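Results of the structural survey
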Amino acid sequence: MTMRKRFQLFRPKAADNGRLLGVVSDFQRFSIHDGPGIRTIVFLKGCPLRCQWCQNPESMLARPEILYIRNNCIGCNLCQEACPTHCIEAVSGRGIVIDKAACLLPLCGACQAVCYANAINICGRYLGVDEVLEEVELDREFYDRSGGGVTFSGGEPFAQPGFLLALAAGAKDRGLHTAIETCGQADWEVMEPVLAHLDMVLYDLKHMDPETHRQLTGVDNRRILDNLRRIDRLGLPIRVRLPLVPGRNDSPENLRATAAFVAELTHVEALDVLPYHRMGEPKWGQLDKDYPLHGLAPYTKDAVFALAAIMEAYPIEVTVGG
Ligand code: SF4
Ligand code: SF4
């Protein structure tokens, strides 16, 4: 792969003037957990929340970012030589350190292009609507056979509202089943036009108490709960998802409050409990960020089912794992 080709993966091209572009962090094909059937997940970058347990911290900012995998680094210093602003420094015991304030991303990317050890990985690339949908359509045959389609995820997909609207409308025009995974923290004026092109909503509820929600995620939950009620009134099928995190939102009081709220809605198919895991922790370090829940042990299987049982007392279907 030539250096120039790798640059174009994440840099808006001059020819893109006036064309609607979004920042996509990744595609996941053959997913069976994010809506019906076999699906392709489109991960859009950018999120208004800062959840302590976030498993995709590379999706928080709506722009390309560098992840540095120190264990892959062979200390060749080619990145330092290639960097036009000299913002990469070799630091004893830490490998390389990048001065993000001086970094030229997304207009550069020279470091990734010369790093053949794959220690430098740039997450996020600018893509047009048709480029995304053409990637999604590669597995059309599997969607048709399984009742699957495309799911827009993130980050928070509503954080790129114009791009998301164009994606959802374009996917519907192509006859695809469309779903979204959302935290619900968005203006209703932004959400409503997108929802008109969606077949299903996967909706996160993190905590029912506004102040605790703010402490855990950076925002309170008032708009999130209000938006969920509004989506329910539209009649769209909904699956509510509860990321269950030890000591953060797993008190019996919060579980009962969550189940009671969901039970009052009309179009919720199920409440999916998503138990805390630590698979995303290494990415916090690769982004040079501290993981807020370092050392927190996941649940045992028995503990998860005991907590889920508290919510099964309400007239809703509760699943573990989604
Ligand atoms: S080019 Fe890659 S392997 Fe070489 S020093 Fe830089 S990060 Fe490490
Ligand atoms: S992307 Fe940033 S760190 Fe990498 S070479 Fe360019 S300016 Fe330097």
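Definitions and limits used
- Residues numbered from 1 in each chain as written.
- Chains lettered and ligands numbered in written order.
- Predicted model: local features only at pLDDT ≥ 70, side-chain atom pairs only at ≥ 80, totals over all residues.
- Heavy atoms only, no water.
- Helix = DSSP H or I, 4+ residues; strand = E, 2+ residues; numbered from the N terminus.
- Rg over C-alpha atoms; globule rule 2.2 N^0.38 Å.
- Buried < 20%, exposed > 50% of the residue type's maximum accessible area, 1.4 Å probe, protein only.
- Contact = heavy atoms within 4.5 Å.
- Areas by Shrake-Rupley, 256 points an atom, 1.4 Å probe, with all protein chains shown as cover.
- Near = heavy atom within 4 Å.
- Nonpolar A, V, L, I, M, F, W, Y, C, P; charged D, E, K, R; others polar.
- Pairing = 2+ DSSP bridges.
- Right-handed = clockwise from strand over helix to strand, strands pointing away.
- Domains from an automatic or database assignment.
- Buried area = accessible area lost by both parts, 1.4 Å probe.
- Salt bridge = Lys/Arg side-chain N within 4 Å of Asp/Glu carboxyl O.
- Polar contact = N/O pair within 3.5 Å; in protein donor to acceptor, adjacent residues only side chain to side chain.
- Axes fitted to C-alpha atoms, helices over the stretch in contact; angles between N-to-C directions.

Description of the overall build of the protein
Across its full length, the protein carries 12 helices and 13 strands. In terms of overall size, the protein behaves like a compact globule, its C-alpha atoms giving a radius of gyration of 21 Å where 322 residues would be expected to give roughly 20 Å. With respect to the three principal axes, the spread of C-alpha positions in the protein is 60 × 45 × 35 Å. When each of the 322 residues of the protein is scored for burial, the buried share is 49%. For the protein, long-range pairs separated by at least 24 residues make up 71% of all intrachain contacts whose partners lie at least 6 apart in sequence. Put simply, the protein shows about 14900 Å² of open surface, and 51% of that area lies on carbon and sulfur atoms.

Here's the deal with the site of ligand 1
Taken together, Y68, C73, I74, G75, C76, N77, C79, C115, A117, A119 and I120 form the complete shell of residues around ligand 1. Broken down by class, the residue content of the shell around ligand 1 amounts to 9 nonpolar, 2 polar and no charged.

Here's the deal with the environment of V97
By the element assignment, V97 lies in strand β5 (residues 95-98). Separated by 191 residues in sequence, V97 and D288 place their C-alpha atoms 8.8 Å apart.

Observations concerning the pairing of strand β8 (residues 149-153)
Of all 5 residues making up β8, 5 are buried, and the element is well covered by its neighbours. Where strand β2 (residues 39-44) and β8 come together, 5 bridges link them in parallel fashion. Bridging across to β8, T40 finds its partner in V150. Sheet topology places β8 next to strand β9 (residues 177-182); 4 bridges connect them, and they run parallel. Paired with T151 across the strands is A179, a residue of β9. Taken together, β8, helix α6 (residues 161-173) and β9 form a β-α-β motif whose crossover is right-handed.

Digging into the domain arrangement of the protein
Taken domain by domain, the protein consists of domain 1 (26-61 + 129-320) and domain 2 (65-123). The C-alpha-based centres of domain 1 and domain 2 are spaced at 32 Å. Tallying the contact residues gives 9 residues for domain 1 and 8 residues for domain 2. Both faces combined, the contact of domain 1 with domain 2 buries some 750 Å², and carbon together with sulfur accounts for 53% of it. Ranking the residues of domain 1 by area buried against domain 2 places K45, Q286 and L287 at the top, with a combined share of 64%. Along the contact surface separating domain 1 from domain 2 lie 2 salt bridges. E65 is the partner of K45 in a salt bridge, and the nearest nitrogen-oxygen pair spans 2.8 Å. Joining domain 1 to domain 2, the criterion identifies 3 residue pairs in polar contact (both at pLDDT 80 or more).

Things to note about the sheet that holds β2
Judged by pairing direction, the sheet is mixed, and its 9 strands sit side by side in the order β7-β1-β2-β8-β9-β10-β11-β12-β13 without closing on themselves. Every other strand in the sheet has two partners, leaving β7 (125-128) and β13 (318-320) as the edge strands with one partner each. Mean inter-strand twist for the sheet, computed between neighbouring axes without regard to direction, equals 30°. Judged from the 4 bridges that link them, β9 and strand β10 (residues 200-204) form a sheet pairing that is parallel. What sits directly across from E181, in β10, is L202.

Comments concerning the site of ligand 2
In the neighbourhood of ligand 2, 13 residues make up the surrounding shell, with C83, C103, L104, C108 and C111 lying closest. When the residues that make up the shell around ligand 2 are grouped by side-chain class, the tally is 11 nonpolar, 2 polar and no charged.

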